Amino acid sequence: MIAAGAKSMLGLSIASPRGVSDSNSRSIGVLRACVSMDGSQTISHNKNGSVPELKAVNGHIGQKQGPLSTVGNSTNIKWHECPVEKVDRQRLLDQKGCVIWVTGLSGSGKSTLACALNQKLYQKGKLCYILDGDNVRHGLNRDLSFKAEDRAENIRRVGEVAKLFADAGIICIASLISPYRRDRDACRALLPEGDFVEVFMDVSLEVCEARDPKGLYKLARAGKIKGFTGIDDPYEPPLNCEISLGQEGTGTSPIEMAETVVAYLEHKGYLKA
Ligand SMILES: Nc1ncnc2c1ncn2[C@@H]1O[C@H](COP(=O)(O)OS(=O)(=O)O)[C@@H](OP(=O)(O)O)[C@H]1O
Ligand SMILES: Nc1ncnc2c1ncn2[C@@H]1O[C@H](COP(=O)(O)OP(=O)(O)O)[C@@H](O)[C@H]1O
């Protein structure tokens, strides 16, 4: 039986099943809770294995652990562990959380690939979320410009948010120009080995400029936008990305590109828990 205190910490308010006497093991809806004599608690899987285990941390659910830390300007902070972990969420979703980081010039097809990939994975029953540079700049990053340090902060924030999505068990597709190698590498370093998949839209400036769907290259060439990537601001292509798309001889339609990424994820085991 779950102790009243633990129940309230969990936000559980589940009536005891009728006809079940107190014991060390009790069914609660679909969950099976087991509490040992010392009060430490586990909840085991259903027979079909679909329900993640509830585990106690040092015998207490939601206990704060570890020493006080200073991180950046945040002093006296403490990491708060939760017994439901990434592995449990992944089991629930039958996939592995990761970050697909799509980089390339404006007009190279980042957003189009992100959407096609999202659709393909959705059709396979996989949960994705897109963090698109343009979109994130409408809210979270609306305070940032396109000067180098603001682009760096843009990438840092999106990298941190993407890490949270991956921790949630979600396949997070981050689609940003992210022109600086150092900023992309810093995002990679936030994640466990393998969980950051860098996808380079290897499409030439000439092709991007010819597409110019928003008319931005035209404005940049006319000097009406300053510091436009590829025109008067740098773009550093990846040196060791996991996937490079867009070269001649490879499938270059958005669907073919999305299929290449899906095949990679399948091969690396990200599409099952
Ligand atoms: N100066 C300059 N340089 C490049 N791009 C510019 C600029 N000003 C506005 N835009 C528009 O902003 C979109 C890119 O935003 P990002 O957040 O992806 O850029 S960055 O990663 O911070 O470099 C980019 O969208 P995409 O075309 O989808 O890449 C442009 O529409
Ligand atoms: N694989 C592709 N082949 C041909 N055209 C494409 C492809 N992907 C995108 N496009 C077109 O290129 C333009 C820019 O695509 P978009 O996804 O908005 O690029 P980005 O997000 O990198 O700025 C759009 O008009 C889009 O229809």
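What counts as what
- Numbering of residues starts from 1 in every chain and runs along the sequence as written.
- Written order decides the labels, with chains lettered from A and ligands numbered from 1.
- Selection of residues for local features in this predicted model requires a pLDDT of at least 70, selection of side-chain atom pairs for listing and counting requires 80 or more, and totals for whole chains, interfaces and linings are taken over all residues.
- Water and hydrogen atoms were dropped before computing side-chain values, which therefore reflect all heavy atoms in the structure.
- UniProt positions are given in the numbering used here, feature names are shortened, and annotations may be inferred rather than shown by experiment.
- Numbered from the N terminus, helices here are DSSP runs of H or I no shorter than four residues, and strands are runs of E no shorter than two.
- Residue types Ala, Val, Leu, Ile, Met, Phe, Trp, Tyr and Cys, when buried and joined through side-chain atoms within 4.5 Å, form a set referred to as a nonpolar core.
- Accessibility here uses a 1.4 Å probe with only protein chains present; expressed as a share of the type maximum, an area under 20% marks a residue as buried, one over 50% as exposed, and anything in between as partly exposed.

- The chain carries the name Adenylyl-sulfate kinase in an unreviewed UniProt entry, which gives Eruca vesicaria subsp. sativa as its organism.
- UniProt's Sequence similarities (unreviewed entry) comment on the chain is quoted here verbatim: "Belongs to the APS kinase family."
- The UniProt entry for the chain carries the following comment under Catalytic activity (unreviewed entry): "adenosine 5'-phosphosulfate + ATP = 3'-phosphoadenylyl sulfate + ADP + H(+)".

1. Observations concerning unusual backbone geometry
Piece 1. Backbone geometry at Asp 94 places phi at a positive 50°, although glycine is not the residue there.
Piece 2. Position of Asp 94 among the secondary structure elements: in the loop between α2 (86-93) and β7 (98-103).
Piece 3. In this model, Asp 212 sits at a positive phi of 30°, which is unusual for a non-glycine residue.
Piece 4. Tracing the backbone through its elements, the reader meets Asp 212 in the loop between α7 (205-211) and α8 (216-221).

2. As for the nonpolar core
The tendency in soluble globular proteins is for nonpolar side chains to be buried as a group.
Piece 1. Formed by 24 residues in total, the largest nonpolar core has its most connected members in Ile 100, Leu 113, Leu 117, Leu 121, Val 199, Leu 245 and Leu 265.
Piece 2. Going through the elements one at a time, β7, α3 (110-123), β9 (171-175), β10 (196-201), β11 (243-245) and α9 (254-267) are the ones with two or more residues in this core.
Piece 3. Listed in part, the 14 residues of the second largest apolar core include Val 158, Cys 172, Ala 174 and Leu 176.

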